[in-house]
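# Residue-level structural notes
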Amino acid sequence: MADTASNTIARAAAPDARSLLRRLAPFFGTPLNAALTLILLWLMVRLGSLLVDWAILNAALFPAEPETCAAATGACWSFVIAKSGQILFGIYPPAERWRAGLVCILIIITLVASARPSAWRPGLAAIWVGMMAIVLWLMGGGFGLVSVPTSSWGGLPVTLILTVFAIGLGFPAAILLALGRRSSLPVVRTLSVLFIETIRGLPLLSLLFVASILLPLFLPESLLPDKFVRALLALTIFAAAYLAEVLRGGLQAIPGGQSEAAEALGLNYWSTQRLIILPQAIRIVIPALTNTIIVMIKNTSLVLVVGLFDLISSGKAALSDPAWPAPSTETFLFIGLIYFALAFSFARFADFLERSGAEKRG
Amino acid sequence: MNDGEKLSDRAPAIRIENLGKSFGDFQVLRNVNLTVCQGEKIVVCGPSGSGKSTLIRSINRLEQHQSGRIVVEGTELTNDLKGIEKIRSEVGMVFQHFNLFPHLTILENCTLAPIWVRKLPREEAEEIAMHFLRKVRIPEQADKYPGQLSGGQQQRVAIARALCMKPRIMLFDEPTSALDPEMIKEVLDTMIELANEGMTMVCVTHEMGFAQAVADRVVFMDGGQIIEENEPVAFFSSPRSERTKLFLSQILGH
């Protein structure tokens, strides 16, 4: 019994050893490859150990006080821990931060809940409108909550609100612009082209400056929307122009026979676009849409130039506390991680959408 | 067809008078006159570029005509959108390249227009769809996507999709031209079945066997004009014009 067992193991082990050799061959096959492998391994170990020393072994954590950082030679995570409220929520009144936190959670839950294609029903749009209204109420106050002006909003909720609103409002606008650009009505077509080309031709920064600095010069005080709203408007039309061009690419890829078949069945123009053309066009441009949307997530950080406190400006404000040694690397690593989490989860989501569509259609 | 009643005694389903259309300098249709009676089956043939597709596509206004009149089921085709949508929901069309909606299942392809145009409840639309899918003999494919079906199956779905709107007229624009030879028969059989049930049909095709089997009249077009029209027996046995003779010798000659 023991004999056969060991034989089996030996037989199983032999191919394993061979396959291990085969796998190592590319790394050690020639003297040059072997040398490169060893040098790179050594570098990885050296740098990796430095990183581990800095980020973990020699890092300062608790208690989250400036003294802890002063005593440590590594990363000053104590600062990020002590200041996390300020980095995440900026100058939002500390006593009301729970509201800002709730806003972030609400937005993320709604995003996750709408991710599955089976959730895409007409009711979803109503849920989003409701969510946006609740978000504005929680952030701004009124109706029983202490009022917080937009000038005191800051941090992650600002980044999330700008992203979700700019894309949420920009996407329907982009659909209209893309359809308008292909319209057979000359006026509609010309206006769409004019809008798209003008907005695409301007840097986002200049749009934000126009919205925040030039607009107040032209408009009387009473007609002037809030600065936050103006920045959001600039981001929205910028997103709309770019998304419109991405969508147009998808529309052009749909053969003319599709709208002919829909029209021959008696569907009108809007039903044809909504039920037949757009679902196919959007699926085709998912990779390009993902790209544009990820860029838009990060573009929201540009609002700091017009004096709004997004995540990055909140981080910078936190760093200005003289009681601390201003560990900017740690702070920006923390902020970078949040941006990465947002962008990466969105990219994975888009990937999932693409694959789920491809499997179904064989 | 009732024996006592001649086709021409019935109200016309389609009346085309002095139809004209051009793409730029190129005159695609000139002075075309054609009346199709209720229940009549017309086969339109002719060399490529003769305007036969443009003619059939004018009947549900996928092409706009520039002169003359088209009256379908008593409604004249004008720029009035409501009138066009009404006519389109009464006139089914089958295309050369099927034009099924690839992002919808076979069943959804068939229920789309009944739900969104006829405003039928989903259950009723699905019942009708399954009825016609059984009729074209592919009910078992209902939950598949068009890309998973053969060309012949796709064209039969396209016929079922059009029938789900309960149209009074069916237009076929070269329905078998894009099919592999072994799949042509299954589509033609479906069309013959439909013809035998009394559907008014206008069919652009080069399938002369089909024309001989079901057509009440064969219309020959060349250069944007109707050159000759006749009952199939007479049309094939004693064509009057030289151009018809030449065309027939070319497509029947091998």
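What counts and what doesn't
Residues numbered from 1 in each chain as written. Chains lettered and ligands numbered in written order. Predicted model: local features only at pLDDT ≥ 70, side-chain atom pairs only at ≥ 80, totals over all residues. Heavy atoms only, no water. Helix = DSSP H or I, 4+ residues; strand = E, 2+ residues; numbered from the N terminus. Rg over C-alpha atoms; globule rule 2.2 N^0.38 Å. Buried < 20%, exposed > 50% of the residue type's maximum accessible area, 1.4 Å probe, protein only. Contact = heavy atoms within 4.5 Å. Areas by Shrake-Rupley, 256 points an atom, 1.4 Å probe, with all protein chains shown as cover. Lys, Arg positive; Asp, Glu negative; His and termini not counted. Charge placed at Lys NZ, Arg CZ, Asp CG, Glu CD. Pairing = 2+ DSSP bridges. Axes fitted to C-alpha atoms, helices over the stretch in contact; angles between N-to-C directions. Left-handed = near helix turned anticlockwise from the far one by under 90°. Nonpolar A, V, L, I, M, F, W, Y, C, P; charged D, E, K, R; others polar. Domains from an automatic or database assignment. Core = buried A, V, L, I, M, F, W, Y, C linked by side-chain atoms within 4.5 Å. UniProt positions renumbered as here; feature names shortened; annotations may be inferred. Buried area = accessible area lost by both parts, 1.4 Å probe. Salt bridge = Lys/Arg side-chain N within 4 Å of Asp/Glu carboxyl O. Disulfide = S-S within 2.5 Å. Parallel < 35°, antiparallel > 145°, perpendicular 65-115°, else oblique. Patch = residues over 30% accessible without salt bridge, like charges linked within 9 Å, V, L, I, M, F, W, Y side chains within 5 Å. pLDDT = per-residue confidence, 0-100.

### Focus on the overall build of chain A
- Within chain A, the regular secondary structure consists of 15 helices and two strands.
- In terms of overall size, chain A is more extended than a compact globule, its C-alpha atoms giving a radius of gyration of 27 Å where 362 residues would be expected to give roughly 21 Å.
- Across its three principal axes, chain A shows a C-alpha extent of roughly 85 × 65 × 45 Å.
- Put simply, chain A has 362 residues, and 41% of those count as buried.
- Relative to all contacts within chain A whose residues are 6 or more apart in sequence, the contacts with residues 24 or more apart total 67%.
- By element, 72% of the accessible surface of chain A is carried by carbon and sulfur atoms, the whole surface being about 19,500 Å².
- Across chain A, the centroid of the 25 positively charged side chains sits 8 Å from that of the 18 negatively charged ones.

### Details of the pairing of strand β2 (residues 26-37) of chain B
Residues and elements named next belong to chain B.
- Relative to β2, strand β1 (residues 12-23) is paired through eight bridges, and the arrangement is antiparallel. Along β2, the bridge assignment pairs Ile16 with Leu34.
- Remark: two residues form the turn of the hairpin made by β1 and β2, two consecutive strands paired antiparallel; Gly24 in that turn has positive phi of roughly 65°.

### Describing the packing of helix α5 (residues 97-113) of chain A against helix α7 (residues 156-181) of chain A
All names here are of chain A.
- At a closest axis distance of 9 Å, the pairing of α5 and α7 adopts a crossing angle of 35°. The chirality of how α5 crosses α7 is left-handed. Of the residues in α7, those touching α5 at Ala100, Val103, Cys104, Ile107, Ile108 and Leu111 are Leu156, Pro157, Leu160, Ile161 and Val164.
- Per-class residue counts for the contact of α5 with α7 are 11 nonpolar, no polar and no charged.

### Some remarks on the sheet that holds β2 of chain B
Residue and element names in this part refer to chain B.
- Read across the open sheet, the four strands follow the order β2-β1-β4-β5; overall the sheet is antiparallel. Each edge of the open sheet carries a strand with a single partner, namely β2 and β5 (75-76).
- Contacts from helix α1 (residues 52-59) reach β1, β2 and β4 (67-72) within the one sheet, and its direction differs from that of β1 by about 125°.

### Digging into the domain arrangement of chain A
- Domain boundaries assigned for chain A yield domain 1 (1-29) and domain 2 (99-361).
- Relative placement of domain 1 of chain A and domain 2 of chain A: their C-alpha centres are 55 Å apart.

### Structural notes on the nonpolar core
- Judged by nonpolar contacts, the single largest core of 115 residues is most densely connected at Ile161 of chain A together with Ile16 of chain B.
- Leaving out residues up to four positions away in the same chain, Ile161 of chain A has contacts with Val103, Ile107, Val135, Met139, Trp153, Ala166 and Phe228 of chain A.
- In this structure, Met170, Phe210, Ala211 and Phe236 of chain B belong to the second largest nonpolar core, which totals 47 residues.

### Re the UniProt feature "transmembrane region" (unreviewed entry) in chain A
Residues and elements named next belong to chain A.
- According to UniProt, the "transmembrane region" (unreviewed entry) feature falls on residues 98-115, 127-146, 158-180, 201-219, 231-251, 284-312 and 332-353.
- With 100% helix and 0% strand, residues 158-180 has its two end C-alpha atoms placed 32 Å apart.
- Across residues 284-312, the secondary structure splits into 59% helix and 7% strand, with the terminal C-alpha atoms separated by 34 Å.

### Considering the interface of chain B and chain A
- Listed per partner, the contact involves 24 residues of chain B and 18 residues of chain A.
- For the pair chain B and chain A, the summed buried surface comes to about 1,900 Å²; carbon and sulfur atoms form 63% of the total.
- Counting the contacts that link chain B with chain A gives one salt bridge.
- Notably, a salt bridge pairs Glu260 of chain A with Arg57 of chain B, separated by 2.6 Å at the nearest N-O pair.
- Sorting the residues of the side of chain B that touches chain A by element identifies α2 (81-90), β6 (91-94), α3 (106-116) and α5 (151-163) of chain B as the ones contributing at least two each.
- Among the residues forming the side of chain B that touches chain A, the class breakdown is 15 nonpolar, five polar and four charged.

### Section: the state of the cysteines
Residue and element names in this part refer to chain B.
- All told, the structure shown has zero disulfides over all chains when counted by the stated rule.
- A disulfide-free cysteine, Cys203 has its sulfur positioned 10 Å from the sulfur of Cys45, the nearest such atom.
- Relative accessible area serves as the criterion here: at 1%, Cys203 is assigned to the buried category.

### Describing the packing of α3 of chain B against helix α4 (residues 122-135) of chain B
Residue and element names in this part refer to chain B.
- Running from N to C, α3 and α4 point in directions that differ by 125°, and their axes come no closer than 9 Å. On the basis of their axis angle, the class for α3 and α4 is oblique. Like other packed secondary-structure pairs, α3 and α4 cross with a definite hand, here right-handed. Contacts between α3 and α4 involve Ile106, Leu107, Cys110, Thr111, Pro114 and Ile115 from the former and Arg122, Ala125, Glu126, Ala129, Met130 and Leu133 from the latter.

### Examining unusual backbone geometry
All names here are of chain B.
- Positive phi outside glycine occurs at Arg61, with the angle close to 60°.
- On the secondary structure map, Arg61 appears in the loop between α1 and β4.
- Residue Arg61 is classed as buried on the basis of its relative accessible area of 8%.

### Section: a nonpolar patch on the surface
Residue and element names in this part refer to chain A.
- A cluster of nonpolar side chains, Leu20, Leu24, Phe27, Phe28, Leu38 and Leu41, forms an exposed patch at the surface whose accessible area comes to about 570 Å².
- Listing elements by their share of the nonpolar patch, those giving two or more residues are α1 (2-28) and α2 (31-57).
- In terms of residue count, α1 provides more of the nonpolar patch than any other element does, four residues in total.
- On the basis of relative accessibility, which here comes to 38%, the residue Leu24 falls in the partly exposed class.

### Some details on the sheet that holds strand β3 (residues 41-45) of chain B
Residue and element names in this part refer to chain B.
- Spatially, six strands are ordered β6-β7-β8-β3-β9-β10 in an open sheet, and the strand pairing comes out mixed. Sheet topology places β6 and β10 (225-230) at the edges, where each strand pairs with a single neighbour. Geometrically, the sheet is characterised by an average inter-axis angle of 20° between neighbouring strands, direction not taken into account.
- Across the face of the sheet, helix α6 (residues 181-196) comes into contact with β3, β7 (169-173) and β8 (200-204) while running at roughly 150° to β8.
- The strands touched by helix α9 (residues 242-252) within the sheet are β3, β9 (217-222) and β10, with β9 carrying the most contacts at an inclination of about 100°.

### Here we look at the pattern of salt bridges
Residues and elements named next belong to chain B.
- Per the counting criterion, the structure on display carries 24 salt bridges over all chains.
- Among the ionic pairs, Lys21 bridges to Glu63, the shortest N-O distance being 4.0 Å. Highlighted residues: Lys21 in strand β1 and Glu63 in the loop between α1 and β4, separated in sequence by 42 residues.
- Glu63 sits in the buried class, given a relative accessible area of 14%.

### Quick look at the confidence of the model for chain A
- Looking at chain A, the pLDDT average stands at 82 and 94% of residues meet or exceed 70.
- Summarising per-element confidence for chain A, the mean pLDDT is lowest in α1 of chain A (65) and highest in helix α11 (residues 256-264) of chain A (92).

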